[in-house]
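# Structure at a glance
Below, each chain spelled out in residue letters.
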Amino acid sequence: METYTYANSRKLFERAMKVIPAGVYGHLGPVEGSMVPPSAFPFFSSHAEGAHLWDVDGNRFIDYMCAYGPNILGYRDEDIDHAAREQAKLSDCVTLPSATMVEFAEQLVDTVDSADWAFFAKNGGDVTSFALMIARAATGRTKAVFVNKGYHGVAAWTKLPGNPGIAEADISNNLYVDWNNYQQLEELVSRHPGQIACFMASPYFQGNFVDNELPEAEYWSKVRALCTKHGIVLVIDDVRCGFRLDLAGSDHYYGFKADLICFCKALANGYNVSALCGIDALKSAASSVFYTGSYWFSAVPFAAGIATLKKLKEIDAPKRLYEIGKKLTEGLVDVARTHSFNLNISGELPMWYMRITDDESQIIHQEWIAACVQRGVFFTNHHNHFINAALTDEDILYTLNVADDAFKAVRKLHPQFV
Ligand SMILES: Cc1ncc(COP(=O)(O)O)c(C=O)c1O
């Protein structure tokens, strides 16, 4: 198979470096660690449709990163774009909110099992921060418990000691436990009686650079009971997998009820809106916190969100994403095996994490991912991937052929590894 080159991406990146810090910053940037080696990856896209993106050199990729989550139905989905266009003809960012805001909140309350109300912002970090503030307002406590290596955004309170740009005071109320370790949580709660405002975690462990982990049996029911007993607000950060496992919320999927649940990425198929949903008992605390933003009442993303929820229900998206994820990951594992490599799949299949386990340095894994990218399948190295509903059987077949050719190329470099 021919491999891609990226001359236009590189030229654009040189221009970007002159006028933008880091050229491309954050999770889409080549220094973040998900694109190793950067030489194998394009840096800029020109357009996208369905399950595919095209870079500025005209290379086409089957995109398994899905904009890191927002693409759930396919890029430029006609039904969602139509709803957004129709709303744009009327209004978007105006002095008063539109009726779409109320309709969207009603739809979320009807759809999400634990939701009695919904509040809208723009990014996932807006609503995880809001959840923390509501928990503090409701309990009068300051401490918060998080899972080691969990991710909740980029606000100062989410950072680790020593990270540039934060003060010790920003994180002095944070406490940490390991994922799936109920006993540690119980001990922390007894060591800090009446001081913990909330426990915030994603519904399963979605760490980078490590295999993802599902909750052990009884984990969530025990955590739920502990939080209820001690008046601790249970916050589920469903920013990444919200609507990919269960339209009623990932807490519902795992058989428990959150007090607050954060949504963002897939909520409006790429239109920019996030939502915090919560229980009645926390509604007045939510009202008491002054929290807002210039674009938080934009009507176009609300219209897109309403259309997205409708379509996700119509096509039973979680079931479809699971089936596509199963077919793809089983195929990848088989292809790896034919080349005597072991590909480990972890996490939930609509958002699977994969790692070649034959080499602890992960260099072989990185080489295989790079070879796939250069052949038109956009994977990244140490982050979970995403399934979208626009992927076809033809896309899966294409991916498996690319994976096969990429394994051949890697095997040539490492004939000794068996
Ligand atoms: C689990 C989780 N929480 C919070 C966030 C922050 O969301 P945003 O980047 O939209 O602020 C992310 C983003 O990747 C996430 O995956």
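Everything below is about the structure printed above this text.
Predicted model, so just to flag it, every value in this text is computed and none were measured.

### Details of the site of the ligand
Around the ligand, a shell composed of Asn-123, Gly-124, Gly-125, Tyr-151, His-152, Gly-153, Gln-206, Asp-237, Val-239, Arg-240, Cys-264 and Lys-265 is seen. One of the side-chain N or O atoms of Arg-240 is found 2.8 Å from an oxygen atom in the ligand. Within the contact set of the ligand, an oxygen atom lies 3.1 Å away from a side-chain nitrogen or oxygen of Lys-265. Starting from 390 Å² of accessible surface for the ligand in isolation, the protein chains cover 86%. Of the residues contributing to the shell around the ligand, the split by class is three nonpolar, six polar and three charged.

### With respect to the sheet that holds strand β9 (residues 260–263)
Taken in spatial order, the seven strands line up as β4-β10-β9-β8-β7-β5-β6 in an open sheet, and their pairing is mixed. A strand with exactly one partner marks an edge of an open sheet, and here the two such strands are β4 (117–121) and β6 (174–177). Strand after strand, the sheet turns through a mean of 20° between neighbouring axes, direction not considered. The pairing of strand β5 (residues 143–147) with β6 spans four bridges and is classified as parallel.

### Things to note about a nonpolar patch on the surface
There is a patch of nonpolar side chains on the surface, built from Val-19, Ile-20 and Tyr-25 and spanning about 330 Å² of accessible area. With respect to the helices and strands, Val-19 occurs in helix α1 (residues 7–19).

### With respect to the pattern of salt bridges
Counted under the stated rule, the structure contains 14 salt bridges. Of the charged contacts in the structure, one is a salt bridge between Asp-393 and Lys-327, with a shortest N-O distance of 3.1 Å. Separated by 66 residues along the polypeptide, Asp-393 in helix α13 (residues 393–413) and Lys-327 in helix α11 (residues 317–338) bring together distant segments of the chain. Judged by its relative accessible area of 54%, Asp-393 is exposed. With a relative accessible area of 45%, Lys-327 lands in the partly exposed category. A salt bridge links Lys-408 to Asp-404, with the shortest nitrogen-to-oxygen separation between them at 3.7 Å. Placement of the pair is Lys-408 and Asp-404 together in helix α13, with a separation of four residues, close to one helical turn. Where salt bridges share partners, they join Asp-77, Asp-79 and Lys-311 into one cluster.

### Remarks on the sheet that holds strand β13 (residues 377–378)
Reading across from one edge, β1-β2-β3-β13 is the order of the four strands in this open sheet, with mixed pairing throughout. Each end of this open sheet is capped by a strand with a single partner; those strands are β1 (45–49) and β13. Against the sheet, α13 engages β2 (52–55), β3 (60–63) and β13, with an angle of about 105° to β3.

### A short note on α1
In an α-helix, one turn spans 3.6 residues; hence positions three or four apart end up facing the same way. In a regular helix each residue adds 1.5 Å, so 13 residues correspond to 18 Å; α1 covers 19 Å between its end C-alpha atoms and thus fits that length. Those residues of α1 lying buried are Ser-9, Phe-13 and Ala-16. All buried residues of α1 fall inside an arc of 60° around its axis, so they share one side. Along α1, exposed side chains directed more than 90 degrees from the buried face belong to Lys-11, Glu-14, Arg-15, Lys-18 and Val-19.

Definitions and cut-offs
Residues numbered from 1 in each chain as written. Predicted model: local features only at pLDDT ≥ 70, side-chain atom pairs only at ≥ 80, totals over all residues. Heavy atoms only, no water. Near = heavy atom within 4 Å. Polar contact = N/O pair within 3.5 Å; in protein donor to acceptor, adjacent residues only side chain to side chain. Areas by Shrake-Rupley, 256 points an atom, 1.4 Å probe, with all protein chains shown as cover. Nonpolar A, V, L, I, M, F, W, Y, C, P; charged D, E, K, R; others polar. Pairing = 2+ DSSP bridges. Helix = DSSP H or I, 4+ residues; strand = E, 2+ residues; numbered from the N terminus. Axes fitted to C-alpha atoms, helices over the stretch in contact; angles between N-to-C directions. Patch = residues over 30% accessible without salt bridge, like charges linked within 9 Å, V, L, I, M, F, W, Y side chains within 5 Å. Salt bridge = Lys/Arg side-chain N within 4 Å of Asp/Glu carboxyl O. Buried < 20%, exposed > 50% of the residue type's maximum accessible area, 1.4 Å probe, protein only. Contact = heavy atoms within 4.5 Å. Expected span 1.5 Å × (residues − 1). Arc of directions from axis to C-beta.

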